[in-house]
Amino acid sequence: MSSGEGETGTDCLDTEKGYYLPDEDTLFTGPIGFLKFVLEYRPSTVRVDFPKPIGNSKDIEKIRHCLQQLLSSGKKLEELFTVPNHQSSSCPNEVVAAFINFLLQMVESILCFKAEYIAFHNLRTELGFLITFLGDTSMHLQPTNNVVIDIEAAVNEVGSFFYSLYFAFVVFFATRKEDFLFTYLRLYSTDIENVVNDVVSFLHSGIFDVLEDMPLQTTTEVEETEKAMADIKAMVHEIGSFIVFTKNDRVPESGIVDLALSDLLPKFELLKSKIKEHCITVSKMTIDMAPKTGVVSLFIVDSVLDDLMDLINNKSDRIVGLNDQIVMLHGELFLLGSSITSIAVQQEAEQEELIIKTRDIAFEVEYIINSFPPVWYLALRIPLLIEKIQLITMAIKEMKNDIDVVGMLEVAQYPDEHLSSQYKETPISEDVIVGFEDVALKIAEQLVRGTEQLQIISLFGMPGIGKTTLANKLYNDPSVIYHFYERAWCVVSQTYDKKNILINILSCIRNVKQEQIAIKDEENFAGDVYKSLKGRRYLLFLDDIWDTKLWDDLKRIFPNDGTGSRILFTTRNKEVSLKVSPHCVINTLPFLSEVESWDLLQKKVFKGKSCPQELLDIGKKIANKCHGLPLAVVVIAGVLANMENKEHLWQEVAGNLSSHLSENLGNYIPILELSYNHLPMHLKPCFLYFGTFKEDEEIHIQKLISLWVAEGYIKKEEQKSLEDVALEYVMKLIDRSLVLVAGKKFDGSIKTCKIHDLLREMCLRIAEEKNFLKVVNINVDESHPLPYFNEVAMYQKHHCLSIVYGEDPTASLPFGPHVRSLLCGNVTLPTLVACGLKVLRVLDFCSPWADLVVFGINQLVHVRYLALSSTLPPMDSFHKLEFLVLRNRDAVEIPDVLLNMMSLRQVHFEGGAYFSESIRHRAIKDKSFQMKNNLQSISFLQIFDEADEKILRCSSNLHRLKGKVQSSHSYSIDFLNQLESLKLRSCRSMGNSSFNLISLPLNLKQLTLICVDMAQEQMELIGKLEYLVVLKLRDVSFDGGRWDTSEGEFPQLKFLKLSNVGLAEWNTSSDHFPRLQRLGLEYCKHLKMIPPILGDIPTLLMIEVYKCAEAIKESAKRIQEEQEDMGNEELKVIIFDCQSVVVSESEEEGN
């Protein structure tokens, strides 16, 4: 490109091209920040070329070309500042609200640069209310076209104002006399008013001063110059038409921007009058409530009640004059919550409508009180909310009265759970069975051998794993047919008809059609079944049992005559097996191995023929990605069988396996959805939340539980913490075969979990259908030309939004007034406008590349869970925060406000954190120093001296603490009476001794020490901890290289791990570790041997050795041999030679 053609503007503003941006924290501040923001969100099809600055040029052609480029770039971006066309949209409210959210980001970028702009503060308030109104769905039950049209006209004027501002900055950039870098820095730091003043002055007179100074030589030059000047004047006039600040002939000396805003803001007063009239009209209409989501969680009522009480207690300015109405609203909602709980437990179909209405009114109240509306709007809406609540409460009371009169209705399931009792789970493969040989052999033995008493046998596993297929194989096995006199196969499913089941059993026993015996009543059938089975050896197969009600109804019909009869049933719920009979034999169906998965795939695709050589590797890869679930293998086999056997086609399937699974589930969807439909109400949102995590992601239980608690999904129970109740929810989902255990701790408790890809696809499908969760994959190929508008119309409807960026992420502006969870990943330039996220409770942004820029962060007052990358925002407004995660690299200062938050329970600083100097100074000087908080977990905290200890002493509720301690300092931590888990790492340097432990909390259950010199007295101190279960010592030196234990020490210790310890001689006895179950040794180069006496510990199950001296390996083997000679086959000795194995084992132990 020639110098006369200018440079592309995006390059001009790209700091990666070598231009220095002084401070990344002010990336979106000042005129340059405003320009960068607009360009970031320009239409994806538009390339904006900024002209090269005119500078001191006297070249009239160059000036003309510069102005032509200015006009061109201005016209290209004009659509960005206007409400997008929403004629095809089903809800224009959302389109207009999304545009307002975009405008708000521009407002915030200016306020970041100059906070004292009162006019912009007022504009932010007016735009914020418009988003609140447009998101208030109950106010849009009748056509709101006129109101929306008025709002659209008003915000388009605001858009025109910002377009003028943007264009003024571009003109300023292009018409400066200074060089490029100086102009860039001027735009970075110059006040907005000064920039606009310069531009207006230039367009009125400055450009003509330049033209008058042009040197003219010949007549031809004069004519050409006059023509060029005429063109330039016309272009200047057209450029001026883009900038509203130039419309007046009078050029004020200052305040041009304020003058334009002062003309704009009064129009909002007229607009609010129209909105008020509309709201009054709607309030007189018949009350109706459109469901926001199909997922019911009544615990939201408790959360909203907490919000109302917080509003009442804090006497917020937002409710001046409305306190009595808020108190009444709280009382009515509390009464409704109490009323609905009793009928929700019974889960009757007739009551579902009231349950849904209760949930919806709770969400509506939450939105209205938490979205910062003006007082006049609250005054209009609260009476309507109270009326709705009272109507629902009255309906519940009437229903209870009807039940009292008529008697308790027979319990039924929800309508969406009604499926025919004759529905049969489609066998995974009737002609091809792969795997299960060992399980089939074991169950066959259970069927034909063993006790002569009636034996109940269950086959348990997740949907699609092949329970029905295997049971069918066993049912038709010749040895089974020969062994039993009578056999009957019956499909139960979720809802069942007792009479139909009895008919089914009789038809199998008598070998007649069901129609021939379906004329008797239920009791006669029960007697006939009993008589037909009495005294005979029978096998009953009951397929797909969901709860114990079936068994309670039928068990008396099945005689136990000591004939060796068996009842085999399949279930997805382990709890059913446990409740049916305490002697029930539970068989868990395993996943297919990689070899078995490939074998099944081959047989289904090639029908007995061999697989072409070029497809072997990719075929095995596809089979492995099915993660051992037969149903997934069968579905993908159907895809491959219907395409050409070309390697590139199979590669495409392997690269997009999830989408192929989702698109081809077809008839298998009901099989999977049965598991979801049968979940109790409170577990449904918990399960659907798994859709927010990435495919194949191993999810830490602690994070999952924290998210559930923050969302309000967990029921408050007396004598139990919310985290304990949430863990019970996890276990119920595991027992129902919907969630898989991915990793365990040493004691068998769960550390990580995951869901199978097939279930994740089902989860995403249901979550989106029910407006619960939307996963947005933002990439450069999005269909909408405006990046800030990508799929934005969908955000309004969903309560949870997960944004995933592809390989080429582009700008996005997440938005959704009803979004309660926002989880983002792989973001390059993230920005949020808090006003567009009215009720946000979860914000999880942990990109490794960028910090999150949040405009109006003080409005995110409802956030309970906050996870960020490296820096903390101002924390003063987060008074409801419960969980804080910061994935920082370097240690950060803990804001003092965090230490006084009563709601905050868990904080995690990945790179460490330290107390501020101000609070340390107060702790030292003030003898009565005190703080109040409810912190239960802190990591990683620097504890370097008495001041830090004194501050820590105020967190008396701590259960878990991970800290870095200073060498050459003595620590007494016994004041943390509730501490159960402690991890300390010494920050000792070369030549310095480590810290000294004087005392420890008596209730400690887990202790990890790193880089410590341990004296014998300190080890004795640890040994006396009565409740210690886990002890890990890493890079620890023992005094004299010797460790002597004593009787009475370590009474509860179950897991001991020594890693790279300075220990040569270990003198102990089996009595000193009476409950030890697992011993691990890593990098122990100096230890002469493992004390042989440890093999005599009756509870010891495992010794693990990794990269230790040969003497240790040999002593471990000798211990195992000695125990085997004594008949102890329980003890396992594992000697690791591969580092990858050790890593997986250490992960299994947990932290």
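Above this text is the structure in question.
In this report, we go over the structure that sits alongside the text. (Residues numbered from 1 in each chain as written. Predicted model: local features only at pLDDT ≥ 70, side-chain atom pairs only at ≥ 80, totals over all residues. Heavy atoms only, no water.)

**Re the overall build of the protein chain**
Now for step 1: Scanning the protein chain from terminus to terminus reveals 38 helices and 31 strands.
Now for step 2: Per-residue burial over the protein chain gives 55% buried out of 1151 residues.
Now for step 3: Pairs at least 24 apart in sequence give 67% of the contacts found in the protein chain among residues at least 6 apart.
Now for step 4: If you sum the accessible surface of the protein chain, you get close to 49000 Å²; carbon and sulfur atoms cover 49% of it. (Helix = DSSP H or I, 4+ residues; strand = E, 2+ residues; numbered from the N terminus. Buried < 20%, exposed > 50% of the residue type's maximum accessible area, 1.4 Å probe, protein only. Contact = heavy atoms within 4.5 Å. Areas by Shrake-Rupley, 256 points an atom, 1.4 Å probe, with all protein chains shown as cover.)

**Some words on the pairing of strand β13 (residues 842-845)**
Now for step 1: Judged by which residues are buried, β13 turns out to be covered on both faces: V842 and D844 on one side and L843 and F845 on the other are all buried.
Now for step 2: Bridge count for β13 against strand β15 (residues 865-868) is three bridges, and the pairing is parallel. Along β15, the bridge assignment pairs V842 with Y865. (Pairing = 2+ DSSP bridges.)

**Topic: the nonpolar core**
Now for step 1: One finds F120, L127, I151 and F162 to be the most contacted residues of the largest nonpolar core, which totals 122 residues.
Now for step 2: A per-element tally of this core places helix α6 (residues 145-175) first, with 18 residues.
Now for step 3: Sequence-distant contacts of F120, that is, excluding residues within four places in its chain, are made with V107, I110, L111, F161, F162, V257 and L261. (Core = buried A, V, L, I, M, F, W, Y, C linked by side-chain atoms within 4.5 Å.)

**Brief notes about a negative patch on the surface**
Now for step 1: Together, D1096, E1114, E1121, E1122, E1124, D1125, E1129 and E1130 make up a region of like negative charge exposed at the surface.
Now for step 2: Relative to the helices and strands, E1130 is located in the loop between α37 (1110-1125) and β31 (1132-1136). (Patch = residues over 30% accessible without salt bridge, like charges linked within 9 Å, V, L, I, M, F, W, Y side chains within 5 Å. Salt bridge = Lys/Arg side-chain N within 4 Å of Asp/Glu carboxyl O. Lys, Arg positive; Asp, Glu negative; His and termini not counted. Charge placed at Lys NZ, Arg CZ, Asp CG, Glu CD.)

**As for the pattern of salt bridges**
Now for step 1: Summed over the entire model, instances satisfying the criterion amount to 40 salt bridges.
Now for step 2: One salt bridge connects E366 with R841, and the closest N-O pair in it is separated by 3.5 Å. Within this pair, whereas E366 is found in helix α14 (residues 352-370), its partner R841 is found in the loop between β12 (831-833) and β13, the two being separated by 475 residues in sequence. Like E366, the residue R841 is buried in the burial classification.
Now for step 3: Between E910 and R887 there is a salt bridge, and its shortest N-O distance comes to 3.9 Å. Of this pair, E910 sits in strand β18 (residues 906-915) while R887 sits in the loop between β16 (883-886) and β17 (892-894), and the two are 23 residues apart along the sequence.
Now for step 4: Looking at R887, the relative accessible area reads 31%, which means it is partly exposed.
Now for step 5: One continuous salt-bridge network, built from bridges that share partners, spans D136, E364, R381 and K388.

**Quick look at the sheet that holds strand β6 (residues 699-700)**
Now for step 1: Spatially, β6-β8-β7 is the arrangement adopted by the three strands of the open sheet, whose pairing is antiparallel. Single-partner strands in this sheet number two, and they are β6 and β7 (740-744).

**Quick word on the packing of helix α28 (residues 669-677) against helix α32 (residues 757-769)**
Now for step 1: Two numbers describe how α28 lies on α32: the axes approach to 10 Å, and their chain directions differ by 75°. Relative to α32, the element α28 is oriented roughly perpendicular. Contact residues: α28 offers I669, L672, E673 and Y676, while α32 offers L758, L759, M762, R765 and I766.
Now for step 2: Tallied by class, the residues present in the contact of α28 with α32 amount to seven nonpolar, no polar and two charged. (Axes fitted to C-alpha atoms, helices over the stretch in contact; angles between N-to-C directions. Parallel < 35°, antiparallel > 145°, perpendicular 65-115°, else oblique. Nonpolar A, V, L, I, M, F, W, Y, C, P; charged D, E, K, R; others polar.)

**Remarks on the packing of aromatic side chains**
Now for step 1: Evaluation of the coordinates by the stated rule reveals 29 aromatic pairs.
Now for step 2: Considering the side-chain rings of Y117 and F120, the 5.0 Å spacing of their centres and the 65° angle between planes classify their relative orientation as edge-to-face. Of the two residues examined, Y117 and F120, each falls in the buried class.
Now for step 3: Ring plane angle 25° and centroid distance 5.4 Å describe the contact between F1038 and W1043, whose orientation is recorded as stacked.
Now for step 4: For F1038, a relative accessible area of 6% translates into the label buried.
Now for step 5: Looking at W1043, the relative accessible area reads 0%, which means it is buried.
Now for step 6: These aromatic residues form a ring-pair network of at least three members: F1038, W1043, F1050, W1066 and F1073. (Phe/Tyr/Trp six-rings, centres within 6.5 Å; stacked < 30°, edge-to-face > 60°.)

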